[in-house]
Amino acid sequence: MNRNEKWEAQYAIVWTFVEKHHRAPSRHRLEEHDMLNWLKYNRKRLNKGELDEYRKEKMDSLGKLITSFHRRNQYC
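Analysis parameters
- Residues numbered from 1 in each chain as written.
- Predicted model: local features only at pLDDT ≥ 70, side-chain atom pairs only at ≥ 80, totals over all residues.
- Heavy atoms only, no water.
- Helix = DSSP H or I, 4+ residues; strand = E, 2+ residues; numbered from the N terminus.
- Areas by Shrake-Rupley, 256 points an atom, 1.4 Å probe, with all protein chains shown as cover.
- Expected span 1.5 Å × (residues − 1).
- Buried < 20%, exposed > 50% of the residue type's maximum accessible area, 1.4 Å probe, protein only.
- Patch = residues over 30% accessible without salt bridge, like charges linked within 9 Å, V, L, I, M, F, W, Y side chains within 5 Å.
- Salt bridge = Lys/Arg side-chain N within 4 Å of Asp/Glu carboxyl O.
- Lys, Arg positive; Asp, Glu negative; His and termini not counted.
- Charge placed at Lys NZ, Arg CZ, Asp CG, Glu CD.
- Contact = heavy atoms within 4.5 Å.

Peer 1: Would you mind going over the overall build of the protein in detail, with residue names and values included?
Peer 2: Scanning the protein from terminus to terminus reveals three helices and zero strands. Moving toward the C terminus, one meets the helices and strands of the protein in the order α-α-α. Dimensions along the principal axes, computed over C-alpha positions, put the protein at roughly 45 × 25 × 20 Å. Taken as a whole, the protein presents about 6,100 Å² of accessible surface, with 49% of it coming from carbon and sulfur.

Below is the structure:
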């Protein structure tokens, strides 16, 4: 398995986790640390502009999915 395949596999794992649990991986749960570390590392690379265009689009769509589940205060 090459790097692109590993990246795609981890992306799919994080995507299904977010869809199933309606939240991002938590730093307080040990079983979610691998997903959280992968997500944080790729966010850092995204912010530095080190990701290629394909991965950038994928990370943007994952970020939109995660923020779609954020709760809003009903009194704002």
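Peer 1: Provide a residue-level description of helix H2 (residues 33-48), including the pertinent values.
Peer 2: Compared with an ideal rise of 1.5 Å per residue, which puts 16 residues at 22 Å, H2 spans 22 Å between its outermost C-alpha atoms and is within 8% of the ideal. Within the span of H2, buried status applies to Met35, Leu36, Trp38, Leu39, Asn42 and Arg45. Positive backbone phi, approximately 80°, marks Gly49, located one or two places after H2.

Peer 1: Please provide a residue-by-residue account of a positive patch on the surface, values included.
Peer 2: A contiguous patch of positive charge on the surface is contributed by Arg27, Lys40, Lys44 and Lys48. Tracing the chain through its elements places Arg27 in the loop between helix H1 (3-21) and H2.

Peer 1: So what's going on with the side chain of Arg45? Which residues, and what values?
Peer 2: With respect to the element layout, Arg45 can be found in helix H2. You can call Arg45 buried: its relative accessible area is 19%. Discounting chain neighbours no more than four positions away, the residues touching Arg45 are Glu50, Leu51 and Arg55.

Peer 1: Outline the pattern of salt bridges, supporting the account with residue identities and numerical values.
Peer 2: Scanning the entire structure with this criterion turns up four salt bridges. Glu32 serves as the salt-bridge partner of Arg23, at 2.8 Å between the closest nitrogen and oxygen. For Arg23, a relative accessible area of 24% gives the class partly exposed. Close ionic contact of Glu32 with Arg29 constitutes a salt bridge, the shortest N to O distance being 3.9 Å. Assessed through its relative accessible area of 4%, Glu32 is described here as buried. Here the salt bridges share partners, and the residues they tie into one network are Arg23, Arg29 and Glu32.

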